[in-house]
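Below, each chain spelled out in residue letters.
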Amino acid sequence: MTTNNRRILIVDDEPLTRKSLYEILKFQGYKVATSSDGEEACRMIEESSPDIVISDLKMPKIDGLDLLKRIKTTHPDTAVILMTAYGSIENAVSAMREGAFDYITKPIIDNEIKIIIQRVFEQKKILEENKLLKKQLSESSRKSFHDLFGSNHKMQRIY
């Protein structure tokens, strides 16, 4: 799968985490942007509509959970991965209920984030294929039975 047109936004108030993730993902071939807070991230999301947002949970101004809610309202197809140094089951459950794709704890392990991102894009591909197949099926299903005759109610349903 080519990664050159896949956009990822990293949102974290810690410069070291932002830089580290940026380097890892840029090396993988993704188009990566960074933001230091949720407010700036909202503006960037409106401008560039990233495929994935990787956000810290605890940040000034707009925290990761509020950012997640906003993204799911305005850009429901954008996958959100939340990360935190203060992992708890309650936070993870809240994040998943609000629509987070995944919830990971810091420090971030390179291979772990790569695998999660790969899963996001695989799921997006499956959903796109599913939409296309449904569209093709709905357009062609009745046409393929145009030569069949019958007035029986049950046969009409089958056609």
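Here the structure is a predicted model, which is why all the values come from computation and not from measurement.

### Description of the pairing of strand β2 (residues 31-35)
Sheet topology places strand β1 (residues 7-11) next to β2; five bridges connect them, and they run parallel. Considered in β2, the bridge of isoleucine 8 is made with valine 32. Traced from β1 through helix α1 (residues 15-27) to β2, the parallel crossover comes out right-handed.

### What to know about the pattern of salt bridges
Enumeration over the complete set of coordinates arrives at six salt bridges. Among the ionic pairs, aspartate 12 bridges to lysine 106, the shortest N-O distance being 2.8 Å. Separated by 94 residues along the polypeptide, aspartate 12 in the loop between β1 and α1 and lysine 106 in the loop between β5 (102-105) and α5 (110-140) bring together distant segments of the chain. Here aspartate 12 matches lysine 106 in class, with each residue buried. Notably, a salt bridge pairs lysine 19 with glutamate 23, separated by 2.9 Å at the nearest N-O pair. Taken as a pair, lysine 19 and glutamate 23 lie in helix α1 at a separation of four residues, close to a single helical turn.

### Regarding unusual backbone geometry
In this structure, proline 107 follows lysine 106 across a cis peptide bond, with omega equal to 0°. Its identity is not glycine, yet serine 49 carries a phi of approximately 45°, on the positive side. The residue serine 49 is located in the loop between α2 (38-48) and β3 (52-56) in this model. Here serine 49 falls in the partly exposed class, since its relative accessible area comes to 30%. Here lysine 61, not a glycine, exhibits a phi torsion of approximately 70°, which is positive. Position of lysine 61 relative to the elements: it lies in the loop between β3 and α3 (64-74).

Rules used in this analysis
All chains use their own residue numbering, which begins from 1 and follows the written sequence. Local features in this predicted model are restricted to residues of pLDDT 70 or higher, and side-chain atom pairs are both shown and tallied only at a pLDDT of 80 or more, whereas totals for entire chains, interfaces and linings draw on every residue. Heavy atoms throughout the structure, all of them, feed into the side-chain values; hydrogens and water do not. The criterion for strand pairing is that DSSP finds at least two bridges linking the strands in question. A run of DSSP states H or I qualifies as a helix once it reaches four residues; a run of E qualifies as a strand once it reaches two. Both are numbered from the N-terminal end. If the strands point away from the viewer and the path from the first strand over the helix to the second runs clockwise, then the crossover is right-handed. The salt bridge criterion pairs a side-chain nitrogen of Lys or Arg with a carboxyl oxygen of Asp or Glu, the two atoms within 4 Å. Here the term buried applies to any residue with accessible area under 20% of the maximum for its type, exposed to any over 50%, and partly exposed to those in between, with areas from a 1.4 Å probe on protein chains only.

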